[in-house]
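# Results of the structural survey
What follows is each chain in one-letter form.
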Amino acid sequence: MDKRIGRLAAVFIGFALMASLSGCAAAAIQGATRASDNARILANEDAAARGDVGAQMKMGDSHCCTIAGSAGVFNNQKATEWYCKAAKQGEPRAFYELGRIYSGDLVRGMNAPAKAAAMLTTQRENKPLALMWFNLAVDKNYPDAIGEIGDLRKKMTEPEILQARLAKQDWQ
């Protein structure tokens, strides 16, 4: 009996230690990710400004869905600007990323600090614009956009869907 209690205590202490360290690990991972994004921005800014689509996408990826400064506000304005520049050149993933931003899907992967921040802030969304961008991505054979369209249309009214269709016609 004493051995079982000892083992249970050891397991409990192990779980407690892992849980307490996971917060430290999340902060370290978040810091490393931000440093990597900053390095990528520095490495691609000039090429992106010259019109290099790949560099524009890297700039958008580096700015998208990150916490800007101490205010904890998502910094997607610059990401949107870079993705729009790539979209004007016909980049399919740029269409998809713009759809994600306008649909309010701002956090990628298992980014716990960013997901927590997203829950604490009001996410702006523009469903017609999101649908327009996802439709443009599908037109360019970007497969991930297909599921997004189905999910988004379920949340939209007919006038919003019509608005997306008209916006797409204006884009082209």
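Just so you know, these numbers come straight off a predicted model, no measurement behind them.

### Focus: the packing of aromatic side chains
By the definition in use, this model includes five aromatic pairs. With centroids separated by 5.7 Å and ring planes inclined at 50°, the aromatic side chains of Y96 and F134 adopt a geometry described as tilted. Of this pair, Y96 sits in helix 4 (residues 92–103) while F134 sits in helix 6 (residues 127–139), placing them 38 residues apart in sequence. F134 matches Y96 in its accessibility class, with the two residues each being buried. Note on W133 and W171: the rings are 4.9 Å apart at their centroids and 70° apart in plane angle, and the pair reads as edge-to-face.

### Thoughts on helix 6
Spanning 13 residues, helix 6 covers 18 Å between terminal C-alpha atoms, matching the ideal 18 Å at 1.5 Å per step. Where helix 6 is concerned, the buried positions are K127, P128, A130, L131, M132, W133, F134, L136 and A137. Lining the buried residues of helix 6 we find helix 3 (77–88), helix 4, helix 7 (144–154) and helix 8 (158–171). Its side-chain oxygen 3.1 Å from the backbone nitrogen of L129, N126 forms the N-cap of helix 6. Trailing helix 6 by a residue or two, N141 shows a phi angle of about 65°, which is positive.

### Quick look at the nonpolar core
Core analysis: the biggest nonpolar cluster contains 25 residues, and Y83, L131, W133 and F134 have the highest contact counts within it. At the level of secondary structure, the elements contributing two or more residues to this core comprise helix 3, helix 4, helix 6, helix 7 and helix 8. Every residue in contact with L131, bar those within four places of it in the chain, is listed here: I149, L152, R153, M156, I161 and A164.

### Overview of the side chain of D61
As for its position among the elements, D61 is in helix 2 (residues 53–63). Of note is the side chain of D61, whose polar atom sits 2.7 Å from the side chain of R93.

### What about the packing of helix 4 against helix 6?
Relative orientation of the contacting elements helix 4 and helix 6 amounts to 160°, with a least axis distance of 7 Å. Between helix 4 and helix 6, the angle falls in the class roughly antiparallel. Both helix 4 and helix 6 take part in a crossing whose hand is left-handed. Between helix 4 and helix 6, the contacting residues are P92, F95, Y96, L98, G99, R100, Y102 and S103 on the first element and K127, L129, A130, W133, F134, L136 and A137 on the second. Across the contact of helix 4 with helix 6, the residue classes break down as eleven nonpolar, two polar and two charged.

### Brief notes about the pattern of salt bridges
For the structure on display, the rule yields five salt bridges. One salt bridge in this structure joins R93 and D61, with 2.7 Å as the shortest N-O distance. Pair noted here: R93 is in helix 4 and D61 is in helix 2, with a separation of 32 residues, a long-range link. The exposure class of D61 is buried, given its relative accessible area of 16%.

The rules behind each value
Residues numbered from 1 in each chain as written. Predicted model: local features only at pLDDT ≥ 70, side-chain atom pairs only at ≥ 80, totals over all residues. Heavy atoms only, no water. Phe/Tyr/Trp six-rings, centres within 6.5 Å; stacked < 30°, edge-to-face > 60°. Helix = DSSP H or I, 4+ residues; strand = E, 2+ residues; numbered from the N terminus. Buried < 20%, exposed > 50% of the residue type's maximum accessible area, 1.4 Å probe, protein only. Expected span 1.5 Å × (residues − 1). Contact = heavy atoms within 4.5 Å. Polar contact = N/O pair within 3.5 Å; in protein donor to acceptor, adjacent residues only side chain to side chain. Core = buried A, V, L, I, M, F, W, Y, C linked by side-chain atoms within 4.5 Å. Axes fitted to C-alpha atoms, helices over the stretch in contact; angles between N-to-C directions. Parallel < 35°, antiparallel > 145°, perpendicular 65-115°, else oblique. Left-handed = near helix turned anticlockwise from the far one by under 90°. Nonpolar A, V, L, I, M, F, W, Y, C, P; charged D, E, K, R; others polar. Salt bridge = Lys/Arg side-chain N within 4 Å of Asp/Glu carboxyl O.

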